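# Structural characterization, general
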Amino acid sequence: MKPLELADDALIAAQRLSEWVSRAPTLEEDVALANIALDQLGAARLWLQGLGDEDQLAYLRSDFEFRNCLLVELPLGGYRGELDFGWTVAWLLFLSAAQSLRYKDLAGSDAVAAKAVKESAYHLDHATQWTIRLGDGTEESRRRIQAAIDEYWPYTHELTEGVRERWLSIVEPVLARATLTQPGEDGWKPSGGREGRHTEHLSYLLAEMQSLHRAHPGAPW
Amino acid sequence: MVTPYEAAAAVVDPELRVVTIAELGILRDVSVVDGRVRVTITPTYSGCPAIDAIRDDIRSALARAGYEGADVVTSLSPAWSTDMITESGREALARNGIAPPGSHECPQCSSGHTLQISRYGSTPCQALFKCLGCHEPFPLVKTL
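I will try to describe carefully the structure that is included in this document.

Thresholds applied
Residue positions are given per chain, counted from 1 along the sequence in the order it is written. Each chain gets a letter, beginning with A, and each ligand a number, beginning with 1, in the order they are written. Selection of residues for local features in this predicted model requires a pLDDT of at least 70, selection of side-chain atom pairs for listing and counting requires 80 or more, and totals for whole chains, interfaces and linings are taken over all residues. Secondary structure elements are defined from DSSP: runs of H or I of at least 4 residues count as helices, runs of E of at least 2 residues count as strands, and each element is numbered from the N terminus. Three exposure classes are used, based on other C-beta atoms lying within 10 Å of a residue's own C-beta, which is placed from the backbone: buried for 20 or more, exposed for 12 or fewer, and partly exposed in between. Two residues qualify as being in contact provided that their C-beta atoms, derived from the backbone, are within 7 Å of each other. It is over C-alpha atoms that the radius of gyration is taken, and the globule rule equals 2.2 Å times the number of residues to the power 0.38. Strands pair, by our definition, only if DSSP identifies at least two bridges between them. Under the grouping applied here, Gly and all other residues not named as nonpolar or charged are polar, the nonpolar ones being Ala, Val, Leu, Ile, Met, Phe, Trp, Tyr, Cys and Pro and the charged ones Asp, Glu, Lys and Arg. Between N-to-C directions, angles cover 0 to 180 degrees, with each direction set by a line fitted to C-alpha atoms, over the stretch in contact for helices. In a helix, the anticipated span is given by 1.5 Å times the number of residues less one.

The next subject is the overall build of chain B. Summing up its helical and strand segments, chain B has 4 helices and 6 strands in all. Traced from its N-terminal end to its C-terminal end, chain B shows the element sequence α-α-β-β-α-β-α-β-β-β. Projected onto its principal axes, the C-alpha positions of chain B cover 55 × 30 × 20 Å. The buried share of chain B, reckoned over its 144 residues, is 43%. Sequence-distant contacts, at least 24 apart, represent 52% of the contacts inside chain B between residues at least 6 apart.

Another point: the overall build of chain A. Tallying secondary structure elements over chain A gives 10 helices and 0 strands in all. Counting helices and strands in the order they occur from the N terminus, chain A gives α-α-α-α-α-α-α-α-α-α. For a compact globule of 221 residues, the expected C-alpha radius of gyration is about 17 Å, and chain A comes in at 17 Å, within 12% of that figure. Summarising its shape, the C-alpha atoms of chain A cover approximately 50 × 35 × 35 Å along the three principal directions. Counting across all 221 residues of chain A, residues that qualify as buried make up 47%. The long-range fraction of contacts in chain A, counting pairs at least 24 apart against all pairs at least 6 apart in sequence, stands at 76%.

Both faces of the sheet carry side chains from a regular strand, because those side chains alternate between them. Residue and element names in this part refer to chain B. Here strand β4 (residues 114–118) pairs with strand β5 (residues 126–131) via 4 bridges, running antiparallel. Bridge assignment links L115 to a residue of β5, and that residue is K130. Sheet topology places β5 next to strand β6 (residues 137–141); 5 bridges connect them, and they run antiparallel. By the bridge assignment, Q126 is partnered in β6 with V141. Hairpin connection of β5 to β6: 5 residues between the antiparallel strands, including H135 at a positive phi of 65°.

Moving on, we come to the interface of chain B and chain A. At the junction of the two partners, chain B supplies 14 residues and chain A supplies 18 residues. Residue composition of the side of chain B that touches chain A, by class: 8 nonpolar, 5 polar and 1 charged.

Time to look at the sheet that holds strand β2 (residues 36–41) of chain B. Residue and element names in this part refer to chain B. Within the open sheet, the 3 strands sit side by side as β1-β2-β3. Their pairing is mixed. Every other strand in the sheet has two partners, leaving β1 (27–33) and β3 (71–74) as the edge strands with one partner each. Neighbour-to-neighbour, the strand axes of the sheet open up by a mean angle of 20°, direction not taken into account. Where β2 and β3 come together, 4 bridges link them in parallel fashion. Bridged to T40 within β3 is V73.

Another aspect to go through is helix α1 (residues 3–17) of chain A. In this model, α1 of chain A (15 residues) spans 21 Å end to end at C-alpha, consistent with the 21 Å of a helix rising 1.5 Å per residue. Burial of α1 of chain A is extensive: 13 of the 15 residues sit out of reach of the surface.

What is shown is where atoms sit, not what they do.
Now the structure itself:
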């Protein structure tokens, strides 16, 4: 994967996750999700700094110039619905399993990946524990996370390009332990993010993320 | 006269205010290049928001010691790990109620009977525990 793809996956994931700040089911989980978002943002910034001006790259590119995979831009809940914790856990499981593999592969040649690899393993561990608790939890928690797994699954093909077998070997046992059903394949594998063809969700996300900088260029805290 | 290294090494971490950046293992190098002090640090976590404050604190500490205009650069490799915290750093953390990495002992009463409350804490590098002996909650520096 190219540094811009790694950076954009992490940056858009950070923005998505930060939607949870002050709204998570418990205080501890609020802190956890914010910290995971911060790790993602940190890795994204380090890669972007290596590619040019980080503010320009984060705040002044248009949607079609982003190279993240589609999964990271999808809402963390049903289509344009409310934020849903079950959906968030499934999304984080899929994403962190893929990121931990990519970072491990790159750790020898990429200092940012070498830095992020342990952080990513911790995200994967967190998502794994929650997947098991929600899947093997109540009727409602199970229904919600299963719905998310079914919805996100087709997007994992783009996410895991080149590492799918190894990714499955991480995700499959977790779903099994959580007594969740792994979706079958129907041939639908949405992609295009790496070429800049995104879903409409990215445009809304960028509008929120970029509006301040575009209105007040260079505004510091 | 304080050397540039001594001035930089004495800077305390802005979030874990009981240890210096040298004890925390994030101070990599202090050198003088063409008459200017150049300090190399490494972040604990990639998104650690304290890194900017640390950079400013190093510059002002050096300025106070008579070294104006120091450069502070960041180096990622080798990646920081909690093994880089010095023995005196571990002791200072424990003395101030923060369990050092790898220890699950209560820093208040030394009971080993403790429970993780939250995998994440008030800073990226900490988790939250509570002691089942003295019932006090305490932060712990996560092993990384």
